[in-house]
Amino acid sequence: MNLRQVFVSVLVFGVAGLLLFMYLQAWIEEHTESEEKLQQQDFTFPPPGTPRRAAWSRSAPPGLGKHEIAVSGVRHWQGKADPFSAVAASMVSQLSDQQMSESPLSQFRGAYLSPELRPLNKSLVKGGEWKDVDNTQEKRRSFLHDFCKKYNSRKKLPTHLVHLVSRIYVEDRHKVLYCEVPKAGCSNWKRILMVLNGLAASAHNISHDDVHYGKHLRKLDSYDLKAIYTRLNTYTKTIFVRDPMERLVSAFRDKFEHPNSYYHPVFGKAIIKKYRHNANEEALKTGSGVKFKEFIQYLLDSHRPVGMDIHWEQVSKLCYPCLINYDFIGKFETLEEDANYFLRLIGAPAELEFPKFKDRHSSDERTSAEVVRQYLKELSEEERQLTYDFYYLDYLMFNYTSPIV
């Protein structure tokens, strides 16, 4: 092959390569544009007769400054979906499970969650002894509903329903859904659910390990989408919450001030390594002895060496109270009377009462407001403010008094 033939061959291949490149680039641009348009469309399908809602705005609540937005840990208010500006996408009831599983939008399947606050069924409550508890309950329900209505635009975004309900336990006999909030009486609540389910005769005979590791209870995300949707709209949904600072200090005391084969090596070692200067080999090896100030440094760090944990995660991210309309809102501060009233509402056996015992470390003083104050003294004024900012939405949603920081 002479030089001229070589030149012609190279030229031909070069032109062909250029044309192929131009074709592929045009193809990619065309399909990228189509995909973007596809993603921008509203693929939610509300139940028949549901009117489409007006456009929404993503403005922050009044008083929420840039600083609070940055540290609150909530999905950012500005320009992105957050727990108060997103609603679970609706499920197409007309489609079969097979059709839905084959849909390219199957990852966005959800259920239409009604924004209306439905009245509690009080037909099973006898006598007037629960009048004061009931009045308090109605005030809590109305407060949360009004708060969510004010800050939640109710735009139907494709939110994954399974993720929303991943912390919710199911008790089918009495048609109860309970969202687990750690350090707010959850261990004894799961004991109660086991008794209601017929898995145990008494809540007092169920060990801590059976409660948390026995896998006797079923979570809502283990059901298919139709069953999830049905239960969300027909079962009595309850959540029990606690003052955020008390819950945080309680979690720290439980996980870091007592021997623990998981939290010390996983969280403790990482926390000490990053936040303790001149840490000795023993502390780095075992992860024991984490100080509260070090724990708060980890909590507020946007580049945490280890991830979050359900024991100190915000309730707004555990149970999504502005997306799922809970029928009953209990508080740890009035745990026994709230829980026993709820048991009467659902028709639980008359002899069943909420346990009074402390699940673990029973000899320790309970984490009270005074105990919290002692721990907060270890923090700087700025750290105390940032910690409050972190739980800002939990304080607002459940009408807790902000701490003196």
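(A) Layout of a negative patch on the surface. Residues D132, E336, E337 and E353 make up a contiguous surface patch of negative charge. By secondary structure assignment, the location of D132 is in helix α4 (residues 131-151). For D132, a relative accessible area of 59% translates into the label exposed.

(B) How the structure looks around the state of the cysteines. Under the defined criterion, the tally for this structure stands at two disulfides. Paired through a disulfide, C179 and C319 show a sulfur-sulfur distance of 1.9 Å. Taking the sign of the S-S torsion, -95° for the link of C179 and C319, the bridge is left-handed. With a gap of 140 residues between them, C179 in strand β4 (residues 176-179) and C319 in the loop between α13 (315-318) and β7 (328-331) connect regions that are remote in the sequence.

(C) Fine view of the environment of R366. As for its placement among the helices and strands, R366 is situated in the loop between α14 (335-345) and α15 (369-376). With 116 residues separating them along the chain, R366 and S250 place their C-alpha atoms 8.1 Å apart.

(D) The arrangement of the pairing of strand β6 (residues 236-241) in detail. In terms of burial, β6 is a largely internal element, five of the six residues being buried. The sheet contact formed by β4 and β6 spans four bridges and is parallel. Counted as the bridge partner of V176 is T236 from β6. Pairing geometry for β6 and β7, over four bridges, is parallel. Counterpart to T238 in the pairing with β7 is F328.

(E) Molecular detail of the pattern of salt bridges. Summed over the entire model, instances satisfying the criterion amount to 16 salt bridges. Across the pair D134 and K122 runs a salt bridge whose closest N-O atoms are separated by 2.9 Å. Placement of D134 in helix α4 and of K122 in the loop between α3 (97-102) and α4 is noted, with a sequence separation of twelve residues between them. Classification of K122 by relative accessible area gives partly exposed; the value is 30%. With a shortest N-O distance of 3.2 Å, K183 and D254 are connected by a salt bridge. Here D254 lies in helix α9 (residues 244-256) and K183 lies in the loop between β4 and α6 (186-196), a separation of 71 residues in the sequence. Each of the two residues, K183 as well as D254, counts as buried. It is possible to trace a salt-bridge network through shared partners that takes in K122, D134, E138 and R141.

What counts and what doesn't
- Every residue gets a number counted from 1 within its own chain, in the order that chain's sequence is written.
- In keeping with the predicted nature of the model, local features appear solely for residues at pLDDT of at least 70, side-chain atom pairs appear and are counted solely at 80 or more, and the whole-chain, interface and lining totals rest on all residues.
- Each side-chain value is worked out from all heavy atoms of the structure, with water and hydrogens disregarded.
- Here a patch means residues that are over 30% exposed by relative accessible area and free of salt bridges, tied together within 9 Å if like-charged and within 5 Å if nonpolar (Val, Leu, Ile, Met, Phe, Trp, Tyr).
- Under the convention used here, a 1.4 Å probe and the Shrake-Rupley method define accessible areas, while residue burial counts only the protein chains that appear.
- Any carboxyl oxygen of Asp or Glu within 4 Å of a side-chain nitrogen of Lys or Arg constitutes a salt bridge here.
- Residues counted as positive are Lys and Arg, residues counted as negative are Asp and Glu, and His and the chain ends are not counted.
- Note that the charge is assigned to NZ on lysines, CZ on arginines, CG on aspartates and CD on glutamates.
- In DSSP terms, a helix is any run of H or I states spanning at least four residues, a strand is any run of E spanning at least two, and both are numbered starting from the N terminus.
- Each residue gets one of three labels from its accessible area relative to the maximum for its type: buried under 20%, exposed over 50%, partly exposed in between, using a 1.4 Å probe on protein chains only.
- For the purposes of this analysis, a disulfide is any pair of cysteine sulfur atoms at a distance within 2.5 Å.
- DSSP-based pairing: two strands are paired if at least 2 bridges between them are found.

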